[in-house]
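# Coordinate analysis (summary)
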Amino acid sequence: ADTLAPEEMKDACEKAGTAQHAASASITETKSFLQKQQRDAKLIASDSSMPAELTKLLERLTKAQSDLDKQKAALRDQEHKFVAQRLLEEATQLVDDLETMVQTAKDTAEPFS
């Protein structure tokens, strides 16, 4: 990811962020659905295995949310690293330009010394 051009990196971060947002929304929606089903299953109580199966599914969702949270943190870290690298490159270029200007001024002023 360090070798991507700035636009490619920006696009990749945007795509990853969009995918993470969609996944998070799906997890939230599915969790609400399963919790409702779990409540309904407890009320009906005709099949005692159903609440247990729903609990397992909810546990899987919790793990998926945890994994997604880790990916969000990794993406945020990568974005910060990318921005810091871009700022360093810009600062380096500014210093290089300034040094060139100083040398030009020095060369121009030399005959007057």
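Here's what I pulled together on the structure shown here. (Residues numbered from 1 in each chain as written. Predicted model: local features only at pLDDT ≥ 70, side-chain atom pairs only at ≥ 80, totals over all residues. Heavy atoms only, no water.)

### Re the pattern of salt bridges
The full count for this structure, using the stated rule, is 5 salt bridges. Put simply, Glu53 and Lys56 hold a salt bridge, and the shortest N to O gap is 3.7 Å. Of this pair, Glu53 and Lys56 both sit in helix 2 (residues 49–109), 3 residues apart, roughly one helical turn. On the accessibility criterion, Lys56 (47% relative accessible area) is partly exposed. (Salt bridge = Lys/Arg side-chain N within 4 Å of Asp/Glu carboxyl O. Helix = DSSP H or I, 4+ residues; strand = E, 2+ residues; numbered from the N terminus. Buried < 20%, exposed > 50% of the residue type's maximum accessible area, 1.4 Å probe, protein only.)

### So, helix 2
Between its terminal C-alpha atoms helix 2 stretches 90 Å, which fits the 90 Å expected from 61 residues at 1.5 Å a residue. Those residues of helix 2 not exposed but buried are Pro51, Leu54, Leu58, Leu61, Leu68 and Leu75. In this structure, the buried residues of helix 2 make contact with helix 1 (6–44). (Expected span 1.5 Å × (residues − 1). Contact = heavy atoms within 4.5 Å.)

### Quick notes on helix 1
Counted at 1.5 Å a residue, the expected span for helix 1 with its 39 residues is 57 Å, and the 57 Å between its end C-alpha atoms agrees. Those residues of helix 1 that fall on the buried side of the exposure criterion are Met9, Cys13, Gln20, Ser24, Ile27, Leu34, Gln38 and Ala41.

### Quick notes on the nonpolar core
In this structure, Ile27, Leu34, Ala41, Leu54, Leu58, Leu61 and Leu68 together form the largest nonpolar core, which totals 7 residues. Only helix 1 and helix 2 provide two or more residues apiece to this core. At 4 residues, the largest contribution of residues to this core is made by helix 2. Residues within four places of Leu58 in sequence aside, it is in contact with Lys31, Leu34, Gln35 and Gln38. (Core = buried A, V, L, I, M, F, W, Y, C linked by side-chain atoms within 4.5 Å.)

### A short note on the side chain of Ser24
Positionally, Ser24 belongs in helix 1. Look at Ser24 and you get buried, because its relative accessible area is 16%.

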